[in-house]
Each structure stands twice: as structure tokens, then as C-alpha cells.
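Architecture at a glance
Here are the chains, one letter per residue:
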Amino acid sequence: MDTFHNCSRPRSLIVTKVLRYWSLFLLFFGVLWAQPKDPYIGSQACRGCHLVQTQDFFRNAHTKADRGCEGCHGPGRAHVNGGGKKDAIIAFSTLTPKKSLDTCLQCHSKDMSRANIRRSSHTQSEVVCANCHSIHKSATPKYLLAHQQKDLCYTCHTDVKAQFSMPFKHRVNEGTVQCSDCHNPHGAPASNWRMGQRPRMQQHAQSNEQSCVQCHADKRGPFLFEHAALRVDGCNSCHAPHGSANPRLLNRPVVFTLCLECHNGAAGFGRTGEGIPTQSGSHNMADPRYQNCTACHVKIHGSNADARFLR
Ligand code: HEC
Ligand code: HEC
Ligand code: HEC
Ligand code: HEC
Ligand code: HEC
Ligand code: HEC
Ligand code: HEC
Ligand code: HEC
Ligand code: HEC
Ligand code: HEC
């Protein structure tokens, strides 16, 4: 109080000055206060303590993603200020599979169908993104896979490995064909063959067809005379898609036993509704010559010339 009395300047002037300094003070500390409110700190701040994860990150597709490290690990300021407090950061090692999946889908549901992922047998068995992709220790720069593709799938599907070692097979182990040529590990839309039953996450060729026809285009048709088995039941009603002990990857060692699985009269289909005649002008099942069905029915996948696929 005394200082004010002794002062030669008018009181109002002093008040203005105090106010001015006060507002500068406010502004200065305001800026200081405001900053810690932004929970993000930027990837640079991670470098000092997580050199391994940071040093190759510029090669990772995620350098293009918003927020760098924090795009996946969440805001990092509290973690940094806490000297590396684990519960202040999104640590995948502590997440449930569902939480882990959701973290990736924050961004990736734009480019892949969330619905397909959710109903895929992988998600339903709690196999999620980080089981197959490795962000920091990827074996393939492209797609950031945890292992080379076939090794990746074989880590869990050991029984399938044996199928691709059979005498007749698609050359997956040799690298000619890949699992993902036929399967979509992220799940696939419902199929339009086998009445949508058990699509086995099959990759679809264009316009919702079986994956097979993207390579075996001559089997795609459309044919004037279709063999209903192809479209209704799918290629795998006659072929073992992975591998087989039988030539042409057939499900049966002898062709006629394959045909008779359906053309046995019991199913009631066929022009006569009785399967194939066992004894007739064209067929005589007692004669082995007639057992090689595809010797006559050569266009077994469909024909544009003959309703019985004879040419
Ligand atoms: C695309 C998402 C994503 C981004 C971006 C990302 N991480 Fe990770 N991070 C993960 C996942 C997933 C794991 C779990 C381990 C794994 O699957 O590789 C992980 C694990 C870690 C770990 C645990 C140790 C380890 O390697 O397993 C540290 C530390 C880490 N990340 C730091 C960082 C830093 C630093 C950055 C930025 C340079 C970063 N992360 C960017 C997804 C990401
Ligand atoms: C001051 C050093 C320091 C800085 C800076 C730092 N961390 Fe950490 N971080 C640690 C320590 C220490 C741990 C291990 C904590 C534990 O295990 O309890 C850790 C753990 C983690 C984990 C969990 C790993 C796991 O076990 O799954 C992730 C993820 C992570 N940090 C990401 C980041 C990100 C992203 C940044 C930058 C925003 C960052 N850290 C900055 C020290 C730091
Ligand atoms: C903050 C957004 C964001 C998050 C979260 C995120 N990603 Fe990504 N991801 C991206 C972007 C952006 C790209 C680059 C897309 C491009 O190049 O067109 C990408 C690319 C990828 C690629 C393809 C890499 C390539 O070589 O083409 C894979 C695989 C991937 N992310 C997996 C994951 C996984 C697994 C997670 C969860 C652990 C995850 N992402 C979380 C944004 C994100
Ligand atoms: C069962 C293993 C598996 C799981 C689980 C998985 N991926 Fe993939 N992902 C792959 C394989 C294999 C490829 C490479 C496909 C190819 O070569 O055509 C791939 C490719 C990708 C690509 C790049 C090409 C594309 O299809 O867009 C992205 C992005 C991606 N995955 C993100 C994810 C995300 C996000 C998740 C979780 C929602 C996830 N993946 C779950 C195996 C998996
Ligand atoms: C971490 C383990 C794991 C990995 C890696 C993995 N899978 Fe799977 N996969 C499973 C489980 C678990 C199931 C569900 C149970 C079953 O059918 O065996 C499954 C099911 C499947 C199915 C059957 C779907 C159905 O509806 O019956 C196919 C096809 C498949 N996986 C393909 C792949 C391909 C291709 C890869 C590599 C890109 C792969 N998986 C990698 C664990 C895995
Ligand atoms: C030439 C196409 C093709 C290739 C390549 C392929 N698959 Fe398949 N796979 C199929 C078809 C078609 C089915 C459905 C079979 C059925 O329903 O009878 C299937 C079924 C499956 C199943 C479920 C049935 C079972 O046998 O358990 C799994 C798991 C599977 N595949 C994994 C894989 C893995 C892993 C790879 C790579 C190593 C792979 N597939 C490569 C076409 C393929
Ligand atoms: C990525 C391309 C590709 C896809 C997809 C594919 N195949 Fe093949 N297929 C091949 C190649 C290449 C061969 C030749 C095999 C070899 O000699 O290595 C082959 C061979 C075959 C053969 C044996 C032919 C012979 O002369 O012995 C049959 C049968 C077959 N595939 C059926 C299928 C079925 C059924 C599907 C779907 C489930 C399918 N393929 C999907 C590429 C493919
Ligand atoms: C009704 C049973 C049946 C169905 C369904 C079937 N195939 Fe075949 N396929 C055969 C038979 C039988 C042979 C052997 C023909 C021979 O030895 O002359 C064969 C041979 C093949 C061959 C090797 C010879 C050639 O003609 O190129 C390929 C490739 C093939 N099939 C692919 C497919 C594809 C792709 C589909 C699904 C679009 C399919 N098959 C559906 C019965 C079938
Ligand atoms: C998965 C079941 C299935 C298998 C296996 C199968 N077919 Fe068929 N086939 C059908 C059906 C369904 C039709 C249509 C019948 C109809 O229109 O009533 C058909 C029609 C035909 C036709 C045309 C004449 C007719 O009755 O309409 C011939 C010829 C034929 N099949 C021969 C064969 C031969 C040869 C084989 C063995 C290589 C074979 N099929 C294997 C289901 C099958
Ligand atoms: C020597 C040649 C020859 C052989 C081998 C042969 N077929 Fe035929 N098939 C024919 C001829 C020709 C027709 C048409 C005349 C007829 O219906 O009798 C025919 C007709 C059919 C039809 C249609 C019947 C209908 O009601 O129209 C079916 C289904 C059929 N064959 C299935 C088979 C099966 C399955 C095999 C093997 C077990 C087989 N064929 C072996 C020559 C042959």
C-alpha cells in the first residue's frame, strides 16, 4: 500500500502497467500450460529409448500413417514424461486379441472389409493382425509379414504342409503358387457356390467366382452346356485343391468312381433321372473300356457343342 502512496505517478497508470505484465505473464504460462494438454509428443521423442524400433521405421509403410508411432501406440507424452511407464502407452503385449484387432482397424477398415474380417475363421479363433504381420521385425518388407508367406501359414497349418508334399499338387512349396492366390487370410465374402456353405476363406476371382478360374480361365465358361457340378458344388467336388495322390488332383484314383458318386441313380438327376444306364448301347459298366468316362466325355468342365460333353 505504502509504495502506491509514495509513488509520483498517477495510480491508474500503475494499475494499467500491472495489468499489462499480468496478461503477458498469463500468456507466457498459458502457452506452457496449454502444451502439456496435447497428449501426443511425436515419434522423435521415442528414439532415445527405443532405438531398434525407430531406426528402420522410415522404410515402414506406416511412416505415411498419421502420427507415426503414436498412430498405433496411442498418445505418448505421459509415457515419455513417466520415463517409460508401460501402462501409459498402448502395449500390444498386454492387449486382448480383440483390442489388438481394433487398434489396426482404426485405419484399415477403410481398405479392407470389416465385415469379412469379423466373420473370418481367423478372427473367430482369435488369430489377429499381429499374429501374421510384424511391424518391427518383418521378414518381408512388402506387406510386413512375420515370416515368408508359406512359412507363416505353416506355423499353424502343419497338416496342410503334408498335402502340398503329395505326388500331385499345386507348387506352393516351390513358390509357383501362393496360399493367398486361393485364400484371403482376412476373410472373404459369402461364396455363390456350395450354396454359400463353408467357403473356407476362399479368395474370389472377379465377379465372385472361385479363385481357381483366375488361373484356369478355360474352365470359367460360360458354356452353352454347363456341367452343373462345377458351378453348384465347386471345383473341389472333384479336385483336391492342395494336393492328391491321384493325377489331375482328382479326389478319386479311378475316374468312374468319382462320377458315380453323383451319377448313381439315387440322386435322381440326369436326363433319365436314373443316373447312367449300366447296360445300354453307349454304356456297359461290366466292360472296363467304359469305365474311363472322360475318354468319351472329354469336355467334362462344360461344352459349347454337346449337352453330354462328348465334344
Ligand atoms: C502399425 C502399428 C505400429 C506402429 C506405427 C508402431 N508400432 Fe510399435 N508395435 C506394434 C505392434 C503390433 C507391436 C507388438 C510386437 C509386434 O507384433 O511386432 C509393437 C511393439 C513395440 C514395442 C515393444 C517391443 C517389440 O519390438 O516388440 C516397442 C518398444 C514399440 N513397438 C515402439 C514403437 C516405436 C518407437 C514406434 C515408432 C518408431 C512404433 N512402435 C510404431 C505396432 C506399431
Ligand atoms: C525415457 C525413455 C522412453 C521414452 C522416451 C519412450 N519409452 Fe517406451 N518404454 C520405455 C521403457 C523403459 C519401457 C518398458 C516398460 C516396462 O516394461 O515396464 C517402455 C515400453 C514401451 C512399450 C511397451 C512395450 C511392450 O512391452 O509391449 C511401448 C509400445 C513403447 N514403450 C512405446 C513408446 C513410444 C511410442 C514412445 C514415443 C512416443 C516411447 N515409448 C518413448 C522407455 C521409454
Ligand atoms: C494410424 C493409421 C494406421 C494404423 C493404426 C495401422 N495402419 Fe497399417 N497402414 C496405414 C497406412 C497409411 C499404410 C500405407 C498404405 C499405403 O501405402 O497405401 C498402412 C499399411 C499397412 C500394411 C501394408 C504394407 C505394405 O507393404 O503394403 C500392412 C500389412 C499394415 N498396414 C498392417 C497394419 C497392422 C497389422 C496394424 C495394427 C498393428 C496397422 N497396420 C495399423 C495406416 C495404419
Ligand atoms: C492369417 C494371417 C493374416 C492375418 C490374421 C492378417 N493378415 Fe494381413 N496379410 C496377410 C498376408 C499373407 C498378406 C499378403 C497377401 C498377398 O500376398 O496378396 C496380407 C496383406 C495385408 C495388407 C496389404 C494388402 C492388402 O490386402 O490390402 C494389409 C494392409 C494387411 N494385410 C492388413 C492386415 C490387418 C489390418 C489385419 C487385421 C485386421 C490383418 N492384415 C490380418 C496375412 C494376414
Ligand atoms: C497363428 C496361427 C495361424 C496362422 C499364422 C494362420 N492360420 Fe489359418 N487358421 C488358424 C486357425 C486357429 C483356424 C481355425 C481353425 C481351423 O479351421 O483350423 C484357421 C483357419 C484357416 C482356414 C479355414 C477356414 C474355414 O472356414 O474352415 C484357412 C483356409 C486358413 N486358415 C488359411 C490360412 C492361410 C492362407 C494362412 C497364411 C496366410 C493362415 N491361415 C495362417 C490359425 C492360423
Ligand atoms: C489352388 C488353390 C489353393 C491353394 C494354393 C491353397 N488352398 Fe487351402 N483350400 C483351397 C480350397 C478350394 C479349400 C476348400 C476345400 C474344401 O472345402 O473341401 C481349401 C481349404 C483349406 C483349409 C481348410 C480345410 C482343411 O484342409 O483343413 C485350410 C486350413 C487351408 N486351405 C489352408 C491353406 C494354406 C495354409 C495354404 C498355403 C500353404 C493353402 N491353403 C493353399 C484352395 C487352396
Ligand atoms: C495362381 C494360379 C492358380 C490357381 C489360383 C489355381 N491353380 Fe490349379 N494349377 C496352377 C498351375 C501353375 C498348375 C500346374 C501345376 C504344375 O505342374 O506345377 C495347376 C494345376 C492344376 C491341376 C492339375 C492339372 C494337371 O494337368 O495335372 C488341377 C486339377 C488344378 N490346377 C485345379 C485347380 C483348382 C480346383 C483350383 C482352385 C481351387 C486351382 N487349380 C487354382 C495354377 C493355379
Ligand atoms: C465333375 C467333376 C469335375 C469338376 C467339378 C471339375 N473338374 Fe477339373 N477335371 C475333372 C476330371 C475327371 C479331369 C481329368 C480329365 C482327364 O483326365 O481327361 C479334370 C481335369 C482338370 C484339369 C487338368 C486338365 C485340363 O483340362 O486342363 C484342370 C486344370 C482342372 N480339371 C481344373 C478344374 C477347375 C478349375 C474346376 C472348377 C472350375 C474343375 N476342374 C472342376 C473333373 C472335374
Ligand atoms: C458332384 C456331383 C457330380 C459329379 C462328381 C459328376 N457329375 Fe455329371 N452332372 C452332375 C449334375 C448335377 C448334372 C446335371 C444333371 C441334370 O441336369 O439333371 C450332371 C450332368 C452330367 C452330364 C450331362 C447329361 C445329363 O445327365 O444331364 C454328363 C454327361 C455328366 N454329368 C457326366 C459326368 C462324368 C463323366 C463325371 C465324372 C468325370 C461326372 N459327370 C461327375 C453332377 C455331377
Ligand atoms: C465309349 C464312350 C463312353 C464312355 C466310356 C462313357 N460314356 Fe457316358 N455317354 C456316352 C454317349 C454316346 C452318351 C449319349 C447316349 C446315351 O445317352 O446313351 C452318353 C451319355 C451319358 C450320360 C447322360 C445320360 C442321359 O440320361 O442322358 C451320362 C450321365 C453319362 N454318359 C455318364 C457317363 C459316366 C459316369 C461314364 C463313366 C462311368 C461314362 N458316361 C462313360 C458315351 C460314353
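See the structure printed just above.
Here is a short report on the structure shown in this document. (Residues numbered from 1 in each chain as written. Chains lettered and ligands numbered in written order. Predicted model: local features only at pLDDT ≥ 70, side-chain atom pairs only at ≥ 80, totals over all residues.)

Before going further, it helps to examine the site of ligand 1. As a matter of local geometry, ligand 1 sits amid 18 residues, with Cys46, Gln53, Cys69, Cys72 and Phe92 nearest to it. Going through the elements one at a time, helix H3 (51-55) and helix H4 (69-73) are the ones with two or more residues in the shell around ligand 1. In terms of residue count, the dominant contributor to the shell around ligand 1 is H4 (4 residues). Classifying every residue of the shell around ligand 1 by side-chain character gives 7 nonpolar, 10 polar and 1 charged. (Near = placed C-beta within 6 Å. Helix = DSSP H or I, 4+ residues; strand = E, 2+ residues; numbered from the N terminus. Nonpolar A, V, L, I, M, F, W, Y, C, P; charged D, E, K, R; others polar.)

On to unusual backbone geometry, then. Residue Pro222 is bonded to the preceding Gly221 through a cis peptide linkage, with omega at 0 degrees. Mapping Pro222 onto the fold places it in the loop between strand E3 (209-210) and helix H13 (228-233). With a phi close to 50 degrees, Met201 is a non-glycine residue in the positive phi region. By the element assignment, Met201 lies in the loop between helix H12 (179-182) and strand E2 (204-205).

On to the site of ligand 5, then. Near ligand 5 lie 18 residues; those nearest to it are Ser121, Ser125, Cys153, Cys156 and Cys179. For the shell around ligand 5, the secondary-structure elements that each account for two or more residues are helix H8 (121-124), helix H9 (129-132), helix H10 (149-154) and H12. Class assignment for the residues of the shell around ligand 5 results in 8 nonpolar, 9 polar and 1 charged.

Now for helix H6 (residues 97-108). Look at H6: 16 Å from first C-alpha to last across 12 residues, which is about the 16 Å you get at 1.5 Å a residue. Among the residues of H6, those classed as buried are Ser100, Leu101 and Thr103. The arc that holds every buried residue of H6, seen down its axis, measures 155 degrees, which confines them to one face. Facing away from the buried side of H6, by more than 90 degrees, are the exposed residues Lys98, Lys99 and Gln106. Close packing links the buried residues of H6 with H4, H8 and H9. (Expected span 1.5 Å × (residues − 1). Buried ≥ 20, exposed ≤ 12 C-beta atoms within 10 Å, placed from the backbone. Arc of directions from axis to C-beta. Contact = placed C-beta atoms within 7 Å.)

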